[in-house]
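Structural description and commentary
Spelled out from the first residue to the last, the chains are:
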Amino acid sequence: MINSLLNPYYLQIGMFVLINAILGISIYLTLATGQLSLGNAGFMSIGAYSSALLTIKLGLPVYLAIPTGGMASVLIALIIGFPALRLNGLYLAIATLGFGEVVRVIFLNLKITNGALGISGIPSLNVLTGNVLSTLGFADGFAGISLQQISNCAVLLILLVILVLLLFFTRRLGFSRVGRAFAAIKADETAAQAMGINTTYFKILAFILGAFIAGVAGGLSAHLTFYIGPKDFDYHRTVEILIFAVFGGSNLVWGPILGALLLTLLPEFLRAASDYRMMIYGAILVAMMAFRPLGLISEETVRFWRTKLGRRSSE
Amino acid sequence: MLKIEGLVTGYGSIKALKGIDLEVPAGSIVSLIGANGAGKTTAMKSLSGLLKPESGRIIYKGKQIQGLAPHKIVSLGISLVPEGRNILSQMTILENLEMGAYQRKDGQVAADLRSVFNRFPVLEERKNQLGGTLSGGQQQMLAIGRAMMAKPDLLLLDEPSMGLAPMVVADIFKVIKEINQEGATVLLVEQNVRQALKIAHYAYVLETGKIVYNGTAEEVAANPRVKEAYLGGSKTTV
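The residue numbers shown here count from 1 along each chain, following its written sequence. Here chains are named by letter from A upward and ligands by number from 1 upward, in the order in which they appear as written. Local features are withheld for residues below a pLDDT of 70 in this predicted model, meaning they are given only at 70 or higher, and side-chain atom pairs are given and counted only at 80 or more; totals for whole chains, interfaces and linings count all residues.

**Some points on unusual backbone geometry**
All names here are of chain B.
- Within the chain, Lys151 stands out as a residue other than glycine whose phi angle is a positive 55°.
- A run of DSSP states H or I qualifies as a helix once it reaches four residues; a run of E qualifies as a strand once it reaches two. Both are numbered from the N-terminal end. Examined against the element boundaries, Lys151 turns out to sit in the loop between helix H6 (136-148) and strand S7 (154-158).
- Residue classification places Lys151 among the partly exposed positions, given that 17 C-beta atoms sit within 10 Å.
- With a phi close to 50°, Glu159 is a non-glycine residue in the positive phi region.
- With respect to the helices, strands and loops of the structure, Glu159 is situated in the loop between S7 and helix H7 (166-181). Burial is judged by counting the other C-beta atoms within 10 Å of a residue's own C-beta: 20 or more makes it buried, 12 or fewer makes it exposed, and any count in between marks it as partly exposed, with every C-beta position built from the backbone.

And the structure:
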């Protein structure tokens, strides 16, 4: 029973759900100041390539390489952030979309990134965790579960911990002075300026936080799939991340996370109707836009359920 | 307290302000009046840093402040109540007021909140409601209260009477006068010239980006051109 639940396919989908949820937090943070940035796939690829190359070429341990990849994304975000954030709305979206494509083309043409072939043989988190676990005495598995299954579960747990930490951080941020500034800028930038909020600073801050988290997600995914190529980070990826926020709702951090969960699982459930999969997927999105344009979760939803549940939950 | 010299601000090639000079003495109410499109809001945006002037100087308490970022200007003690009020409609009234004190680190914020509530009791009654649920007049009160929460020495008011019923306008102007009597200097931009001249000490008349006339409020009110154009004088044919 447990053995069939822990099959590699389910475990892999579980990992993708968690990675996508982290990407959902990344786009939530930039949207928190009302900036529609579509550079997340670009930042993700910077994190992924940096982390992969650092481990392969320099032998850096994975747990250092992934955050370093995130910092590489932050560095690039700082460089493009100042000019890009002078733009608003659709102009920013187009500029950041262009940025993502530029990054992709650079990786496609660099020698060190191996061009269109991509990088393979990236140290795998599963294998590394397996090695650690076998030194701890789980080499032959545990209670009928193989070592591979245990290490997959352990990786799942690591991803879950990272997601929960990021979630905790994001929620704390939301209730802090910084979060209030983000909300004010999103609601009305002129009002925020008139109140003495340094809007440039907070917009850049949201932008680099989003870039860091996207970079970390990229690093994690590189070490899960042990192969990355420029195709993994094209504009389809960007749109996918954006849809998490559109589908789940972008006003609360739970929205993109729910969006990531549902939209990662949905194609798998629709596998039976695989010929019509993308059609059904599209139809669901159109229906969403028609009936819940703010996404599945909005402040209204929270308020509704809170009164309905007799104020038991604290948001 | 505030001195503007030869201020030019434009949007691309269109100059909305073509070199204006203006002075706001400490403790006074100065009114900048003019029709739609005269450049009044542009002047306010230049003063508060929302627009960068092309040339000219803005001198506040002896320091040049033209081109500074808006949050730096707020920290120097200049607060803008923007045209159209810009209430944060998804935040509560209390949150709106607290946001007004965003930069302050002194311990007097609670006391100032108290005095805003004393001035506008309706805001206290509704402090946990969302800003968007207020009527126009109440939103204007909230916008003024929010600006006062920054403890400004100079309050910039951009068309506080816009879209309000005459009775409410009278209330708002009464409050502006009180705020001034309690020590804040006020620069008031208005289309409601009659009301503005009633409470102002000095007035400047702005027409298509230039100051065409200035003087004490009485002088400006008595000027035949001002009478004719803004106060419904004998020659108007409405």
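**What about the sheet that holds strand S9 (residues 202-207) of chain B?**
Residue and element names in this part refer to chain B.
- Strand pairing is assigned whenever DSSP detects at least two bridges linking the two strands. Across the sheet, which stays open at both edges, the 6 strands sit in the order S6-S7-S8-S3-S9-S10 with mixed pairing between neighbours. Taken across any chain shown, the strands that pair with only one partner, and hence form the sheet edges, are strand S6 (78-81) and strand S10 (210-216). Between one strand and the next, the sheet's axes are offset by a mean angle of 15°, whatever the strand orientation.
- Judged from the 5 bridges that link them, strand S3 (residues 29-33) and strand S8 (residues 185-190) form a sheet pairing that is parallel. Its bridge partner being in S8, Val30 is matched across the sheet by Leu187. Convention adopted: a line fitted to C-alpha atoms gives each axis, helices being fitted over their contacting stretch, and angles between N-to-C directions are expressed from 0 to 180 degrees.

**Section: helix H11 (residues 235-248) of chain A**
All names here are of chain A.
- What a helix should span is 1.5 Å times the count of its residues minus one. Taking 1.5 Å as the rise per residue, H11 with 14 residues should run 20 Å; its terminal C-alpha atoms sit 20 Å apart, in good agreement.
- Among the residues of H11, Arg237, Thr238, Ile241, Leu242, Phe244, Ala245, Val246, Phe247 and Gly248 are the ones counted as buried.
- If you follow the buried residues of H11, they end up packed against helix H2 (8-31), helix H3 (40-58), helix H5 (89-109), helix H12 (254-269) and helix H13 (277-291). Distance between backbone-placed C-beta atoms decides contact: two residues are in contact if it is within 7 Å.

**Looking at the interface of chain A and chain B**
- Contacts between chain A and chain B engage 13 residues on the former and 19 residues on the latter.
- Going through the elements one at a time, helix H8 (177-187) and helix H9 (189-194) of chain A are the ones with two or more residues in the side of chain A that touches chain B.
- When grouped by side-chain class, the residues that make up the side of chain A that touches chain B number 7 nonpolar, 4 polar and 2 charged. Residue type decides the class: Asp, Glu, Lys and Arg count as charged, Ala, Val, Leu, Ile, Met, Phe, Trp, Tyr, Cys and Pro as nonpolar, and the leftover types, Gly among them, as polar.

**Side note on the pairing of strand S4 (residues 55-60) of chain B**
Residues and elements named next belong to chain B.
- Bridging between strand S1 (residues 2-11) and S4 involves 5 bridges; their strand directions are antiparallel. When the sheet's bridge partners are listed, Val8 is paired in S4 with Ser55.
- The pairing of S4 with strand S5 (residues 63-64) spans 2 bridges and is antiparallel. In the sheet register, Tyr60 faces S5, and the bridge partner there is Lys63.
- The turn linking S4 back onto S5 is made up of 2 residues, and Lys61 within it adopts a positive phi angle of 50°.

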